[in-house]
Amino acid sequence: MLTREGEVIGVSASVYHPQDAQNLNFAIPSNALKALLAKGDGGEPSWDSRGFISAATYVQRGNAKLAARDFMGATKDFTQAVRQESANPLYYWYRGFAKGELGQHYAAIADYNKALRLNPEYAIAYHNRGYANRELRQYNAAISDYDDAIRLKPKDALIYYYRGIAKRELERFSDAEQDFRTALDLALRAGNHSVQAYINAVLG
């Protein structure tokens, strides 16, 4: 990521793309990345003068581990962040995402539940909980989550797409096709060619 003056302020570290559909990018602040690279010792978090590691430091290291696909290590770091700032819904979301990548979908749902109790308007937590429920073949629960995500982000093509997938699994074929076509229309309007191709492949 660059400022208007061309200064590097962040480096894209990881992408959330369930079933290969790009959706969410993680970026590490450039100063934090420089500090981790300079240490060269596995990226242990820095201690301050009081011997305290901040939640934000654990999150930065967790994101670096997501980029390296070290999902177990990322989970541990996000757990440390949660212990320090238990009222931050983002940290539960991060940990839920890492657990989902490990196939621990029930545990991921538990973290998304905590995030949503703290912030009931957290669209991406509904989206990810829907994905976890779909992986567990809990399709009605997944559809309910996608409904809430669409309520909050009505122009997000991928949410309609994934809701369509869940409906198709329940043999609600007409409803599924409607969601796919809505997703395609939104992707066309947004000029998102990768998502267009992805949805077109499903529509045939």
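Computed from a predicted structure; not experimentally measured.

K.L.:
In this structure, what is going on with helix α3 (residues 71-84)? I would like to understand it.
P.N.:
With 14 residues, α3 should reach 20 Å at 1.5 Å per residue; the first-to-last C-alpha distance of 20 Å fits that figure. The set of residues buried in α3 consists of Phe71, Gly73, Ala74, Thr75, Asp77, Phe78, Thr79, Ala81 and Val82. Considering only its buried residues, α3 is in contact with α2 (55-67) and α4 (89-101).

K.L.:
Just checking my understanding: could you explain the environment of Thr79 for this structure?
P.N.:
Positionally, Thr79 belongs in helix α3. Relative accessible area serves as the criterion here: at 18%, Thr79 is assigned to the buried category. Note: C-alpha distance between Thr79 and Tyr91 (12 residues apart in sequence) is 8.0 Å. Here the side chain of Thr79 touches Arg95 through a polar contact of 3.3 Å, side chain to side chain.

K.L.:
Explanation requested: the packing of aromatic side chains in the structure shown.
P.N.:
Any two aromatic rings considered together are summarised by their centre-to-centre distance and by the angle between their planes. Tallying each qualifying case throughout the model produces 7 aromatic pairs. Judged by centre distance (5.1 Å) and plane angle (10 degrees), the rings of Phe78 and Tyr94 are stacked. Of the two residues, Phe78 is situated in helix α3 and Tyr94 in helix α4; the sequence distance between them amounts to 16 residues. We classify Phe78 as buried; its relative accessible area is 0%. For Tyr94, a relative accessible area of 11% corresponds to the buried category. Taking the centre distance of 5.7 Å and the plane angle of 65 degrees together, the rings of Trp93 and Tyr94 count as edge-to-face.

Calculation rules
- Residues numbered from 1 in each chain as written.
- Predicted model: local features only at pLDDT ≥ 70, side-chain atom pairs only at ≥ 80, totals over all residues.
- Heavy atoms only, no water.
- Helix = DSSP H or I, 4+ residues; strand = E, 2+ residues; numbered from the N terminus.
- Expected span 1.5 Å × (residues − 1).
- Buried < 20%, exposed > 50% of the residue type's maximum accessible area, 1.4 Å probe, protein only.
- Contact = heavy atoms within 4.5 Å.
- Polar contact = N/O pair within 3.5 Å; in protein donor to acceptor, adjacent residues only side chain to side chain.
- Phe/Tyr/Trp six-rings, centres within 6.5 Å; stacked < 30°, edge-to-face > 60°.

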